[in-house]
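The lines below spell out each chain.
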Amino acid sequence: YAYFALCCRSLNQPITQRLKVLIPSIVLVHGALFELIRQLGTFQMRVTWLVGTSMCFLVWEFVELLRITKINKSKQLQILKWTIALELLLATLRLSMILIEPTTTNIHLYEEPFMTASLRWAWFSLSVLSYITMTGFWTERLALESANIKNENAEINMLLTERDVLISDLVKTKKLVETGA
């Protein structure tokens with residue numbers, strides 16, 4: 001989610017060197033802390049850590065998408081904004097259910113209650129849809145840029161042809177003037 005948030009940020013402004021260093025550092029620290037929680041903590045602690053940090057990045061993604069959709073009215077970005085909002089909702093529901101339903105033992109992922117597992121899979125499905133939508137946005141953007149480049153090239157070629165015709169006419173006129181005809 002950290003890199004996807006960074007991708008959303010890049011839609012609004014260039015990525016600073018500070019962010020380029022900060023995001024991998026956050027990912028490494030996050031992984032180390034998760035491993036510590038995995039070894040010493042409970043299922044609830046692990047889920048709380050993962051979902052909580054994911055929610056932070058989802059909020060960041062959503063804010064960046066709100067900014068860009070004010071400027072860029074792409075349907076792909078509108079869909080992405082809603083998939084991120086739904087991801088945030090499902091993450092909140094999953095976290096709430098995990099925290100409300102206390103477990104006395106240290107359960108594993110495969111012993112997770114059906115409802116929270118269903119929410120997790122729905123959330124992951126929306127994550128896949130978000131990545132597909134972002135790919136669609138970039139494809140759409142590249143297609144528009146390609147069309148613009150083709151139009152510019154056609155205009156340049158037309159101007160070059162017009163220039164060649166004018167030069168040819170000037171050469172003919174010069175010859176006519178020189179011969180006195």
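Here, every reference points to the structure presented above.
Basis of the calculations
- Residues numbered from 1 in each chain as written.
- Predicted model: local features only at pLDDT ≥ 70, side-chain atom pairs only at ≥ 80, totals over all residues.
- Heavy atoms only, no water.
- Helix = DSSP H or I, 4+ residues; strand = E, 2+ residues; numbered from the N terminus.
- Rg over C-alpha atoms; globule rule 2.2 N^0.38 Å.
- Buried < 20%, exposed > 50% of the residue type's maximum accessible area, 1.4 Å probe, protein only.
- Contact = heavy atoms within 4.5 Å.
- Areas by Shrake-Rupley, 256 points an atom, 1.4 Å probe, with all protein chains shown as cover.
- Lys, Arg positive; Asp, Glu negative; His and termini not counted.
- Charge placed at Lys NZ, Arg CZ, Asp CG, Glu CD.
- Salt bridge = Lys/Arg side-chain N within 4 Å of Asp/Glu carboxyl O.
- Core = buried A, V, L, I, M, F, W, Y, C linked by side-chain atoms within 4.5 Å.

Asker: Got a sec to walk through the overall build of the chain? Specific residues and values, please.
Answerer: When helices and strands are tallied, the chain shows five helices and zero strands. Start at the N end of the chain and walk to the C end: the helices and strands fall as α-α-α-α-α. Its C-alpha atoms give the chain a radius of gyration of 28 Å, more than 25% over the compact-globule value 16 Å for 181 residues. With respect to the three principal axes, the spread of C-alpha positions in the chain is 110 × 30 × 25 Å. Within the span of the chain, comprising 181 residues, buried residues form 30% of the whole. Sequence separation of 24 or more characterises 71% of the internal contacts of the chain that already satisfy a separation of 6 or more. Accessible surface, the chain: about 12100 Å² in total, of which carbon and sulfur atoms supply 69%. Positive and negative charge centroids in the chain, built from 18 and 15 side chains respectively, lie 3 Å apart.

Asker: How would you summarise the pattern of salt bridges if you had to cite specific residues and measurements?
Answerer: According to the stated counting rule, one finds six salt bridges in the structure shown. For Glu-64, the salt bridge identified is with Arg-9, shortest N-O distance 2.7 Å. Taken as a pair, Glu-64 in helix 3 (residues 43-71) and Arg-9 in helix 1 (residues 2-12) lie far apart in primary sequence, 55 residues in all. Across the pair Glu-64 and Arg-67 runs a salt bridge whose closest N-O atoms are separated by 3.4 Å. Of this pair, Glu-64 and Arg-67 both sit in helix 3, separated by three residues, roughly a single helical turn.

Asker: I'd like a description of the nonpolar core, backed by residues and values.
Answerer: Judged by nonpolar contacts, the single largest core of 24 residues is most densely connected at Leu-11, Val-51, Leu-65, Leu-77, Leu-80 and Met-134. Every element with two or more residues in this core is listed here: helix 1, helix 3, helix 4 (75-100) and helix 5 (114-179). With eight residues, helix 4 is the single largest residue contributor to this core. Setting aside residues up to four positions removed in sequence, Leu-80 forms contacts with Phe-4, Leu-65, Ser-130, Thr-133 and Met-134. In this structure, Ala-2, Ile-15, Leu-19 and Phe-57 belong to the second largest nonpolar core, which totals eight residues.

Note that all results are geometric; they support no functional claim without further evidence.
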